[in-house]
Amino acid sequence: MALGMMLDRLSPQAPDALLALIRLHAADAREDKIDLGVGVYRTEEGGTPVFAAIKAAEQVLVDKQDSKSYLGPEGDVGFVNALMPYIFGRDATMGGRITGMQTPGGTGAVRLALALAAKAGVRRVHMGVPSWPNHAQILADLGMELAPFDHANPDGTANLDAVLAAINSASDAEAVLLHACCHNPTGIDYTADHWAQIAAAFAASGTFPIIDAAYQGLGQGLEEDAAGMRSVLTAVPEAFIAYSCDKNFGQYRDRVGAFYVLAKEQSTLDTAFSNANALARAAWSMPPDHGGAAVRIILRDPDMTKQWLAELDEMRARMRKVRDALAKAGTAGRIDLTPLGTQNGLFAMLPVTKEEVATLREEHGIYMAASGRINIAGLTTGNLPKFIAALSAVAN
Ligand code: LMR
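Residues numbered from 1 in each chain as written. Predicted model: local features only at pLDDT ≥ 70, side-chain atom pairs only at ≥ 80, totals over all residues. Heavy atoms only, no water.

1. Quick look at the overall build of the chain
Inference 1: Check the secondary structure of the chain and you find 13 helices and 13 strands.
Inference 2: A globule of 396 residues ought to have a C-alpha radius of gyration of about 21 Å, and the chain, at 21 Å, matches this closely.
Inference 3: With the C-alpha coordinates aligned to their principal axes, the bounding extent of the chain is approximately 65 × 60 × 55 Å.
Inference 4: Buried residues in the chain amount to 54% of all 396 residues.
Inference 5: By sequence separation, contacts in the chain at least 24 residues apart represent 74% of the contacts at least 6 residues apart.
Inference 6: When the accessible area of the chain is evaluated, it comes to approximately 17,500 Å², of which 55% is carbon and sulfur surface.
Inference 7: Across the chain, the centroid of the 34 positively charged side chains sits 3 Å from that of the 44 negatively charged ones. (Helix = DSSP H or I, 4+ residues; strand = E, 2+ residues; numbered from the N terminus. Rg over C-alpha atoms; globule rule 2.2 N^0.38 Å. Buried < 20%, exposed > 50% of the residue type's maximum accessible area, 1.4 Å probe, protein only. Contact = heavy atoms within 4.5 Å. Areas by Shrake-Rupley, 256 points an atom, 1.4 Å probe, with all protein chains shown as cover. Lys, Arg positive; Asp, Glu negative; His and termini not counted. Charge placed at Lys NZ, Arg CZ, Asp CG, Glu CD.)

2. Digging into the layout of surface pockets
Inference 1: The space that makes up the largest pocket amounts to roughly 920 Å³.
Inference 2: Taken together, 45 residues form the lining of the largest pocket, with Leu19, Val38, Gly39, Val40 and Lys247 sitting closest to its centre.
Inference 3: Listing elements by their share of the lining of the largest pocket, those giving two or more residues are helix 1 (17–27), strand 1 (34–35), helix 4 (105–119), helix 5 (133–141) and strand 6 (208–213).
Inference 4: Considering every element that reaches the lining of the largest pocket, the biggest residue donor is helix 1, with five residues.
Inference 5: In terms of residue class, the lining of the largest pocket is made up of 18 nonpolar, 16 polar and 11 charged.
Inference 6: Residue-level mapping places the lining of the largest pocket at the junction of two domains, with at least three residues from each of domain 1 (15–49 + 316–394) and domain 2 (70–300). (1 Å grid on protein atoms, 1.4 Å probe; cavity = no way out; pocket = protein on both sides within 12 Å on 5 of 7 lines; lining within 4 Å. Points joined across faces, edges and corners; volume = space filled by probe spheres on them. Nonpolar A, V, L, I, M, F, W, Y, C, P; charged D, E, K, R; others polar. Domains from an automatic or database assignment.)

3. Observations concerning the pairing of strand 4 (residues 145–150)
The side chains of a regular strand alternate, residue by residue, between the two faces of the sheet.
Inference 1: Strand direction decides the pairing type here: strand 3 (residues 124–129) and strand 4, joined by six bridges, are parallel. The partner of Arg124 across the bridge, within strand 4, is Glu145.
Inference 2: Once the chain exits strand 3 it traverses helix 5 before rejoining the sheet at strand 4, and the crossover so formed is right-handed. (Pairing = 2+ DSSP bridges. Right-handed = clockwise from strand over helix to strand, strands pointing away.)

4. Here we look at unusual backbone geometry
Inference 1: Here the bond from Val129 into Pro130 is cis, since omega is 5 degrees, no more than 30 degrees from zero.
Inference 2: One can find Pro130 in the loop between strand 3 and helix 5.
Inference 3: In the segment running from Asn184 into Pro185, the intervening peptide bond is cis, with an omega of 20 degrees.
Inference 4: Located in the positive-phi region is Met94, a residue other than glycine, with phi close to 50 degrees.
Inference 5: Counting through the fold element by element, Met94 comes out in the loop between helix 3 (77–88) and strand 2 (98–104).
Inference 6: Of note, the phi angle at Ser285 is positive, near 70 degrees, even though the residue is not glycine.
Inference 7: The topology assignment puts Ser285 in the loop between helix 9 (266–283) and helix 10 (290–299).

5. Topic: the domain arrangement of the chain
Inference 1: Domain parsing of the chain yields domain 1 (15–49 + 316–394) and domain 2 (70–300).
Inference 2: Using C-alpha coordinates to define each centre, domain 1 is positioned 27 Å away from domain 2.
Inference 3: Each side of the interface is counted separately: domain 1 has 16 residues, and domain 2 has 20 residues.
Inference 4: Among the residues of domain 1 in contact with domain 2, Arg316, Asn344 and Phe347 are the three that bury the most area, contributing 37% of the side total.
Inference 5: Where domain 1 packs against domain 2, one counts zero salt bridges.
Inference 6: The tally of links between domain 1 and domain 2 comes to eight residue pairs in polar contact (both at pLDDT 80 or more).
Inference 7: Mapped onto the side of domain 1 that touches domain 2, the elements with two or more residues apiece are helix 11 (302–329) and strand 11 (347–349).
Inference 8: Across the side of domain 1 that touches domain 2, the residue classes break down as seven nonpolar, five polar and four charged. (Buried area = accessible area lost by both parts, 1.4 Å probe. Salt bridge = Lys/Arg side-chain N within 4 Å of Asp/Glu carboxyl O. Polar contact = N/O pair within 3.5 Å; in protein donor to acceptor, adjacent residues only side chain to side chain.)

What follows is the structure, encoded as structure tokens:
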């Protein structure tokens, strides 16, 4: 090879579209611009402040942490275990059948889940689309095939038949990836009855479930948001769960996640976990500790836990208020906003064209993903009238 030629073999990659929006929005000088792009919670004032509970826990860390020495690929085990009753319920290990490790954010957990599934022979993953774009990117990066099915019906409800068909048709070399709650990007969750049927289908078919739980507590409540996932986990012998604290503890840039394995018996669990450890070691060696340690401190302190729960309640209540206001507005141009009132979490999809998304950005300073996904938390009492007026004008 000629000297200095190797890098010429690479072709340029487009920047991640969602993350590129952050920069575009920041560069816009208009004072009344509205950021409905990347999925971060915002207050009525438009900020994304650090949780008071996190600040308090960080202060404890500053005062009491006596070492930053290595922990190991599994990270802060105290953090991983303290979360488990919130995710899995009172029998937090399901009779000793669940174990977990810390990961760099929810993305790290999804990556680990899919990499471990690949190591166990999974080649193809069924997933409802649209989904979080990074799911498809991770699958592609791991050389796994995506088998898409429609997540939603046109009327804004979940397409139960499609997910059941995927579960029932999956082979031994396939898995099904589901969102636990607050579906990203549609906000359309399965109902309790749907989940019961999904759980029964997993149990009858033997198909392997991978559940991405990135938004627990942002939909209907901490327990409510976990109920569907738990109904699957109690019905199946084995599953993977990818969990994120980046939203429900507001730890976005500190990258706080966890990966859990459910197995039918101790020896399988130990083997799976040893493989997860080896994959984590090869990928990132160990996860960053700070954010997980803060969560551990909160969850071991009743007062801090109370504070965190109150802050989470406030976030959820505000997003519910925005959803109610959108639903009450009825329509904006040709867009029916009423389904948004019953959907959950940070996101909703508007049936707008790419051109309309561009017009909203260029002419009105309203930033959203090209897919038409909006971040509900970017809307406030102050900017909602402008948003509805702009949408009515553009999507007519
Ligand atoms: C989102 O979908 O906006 C978030 O999950 C942030 C991300 O990493 O894409």
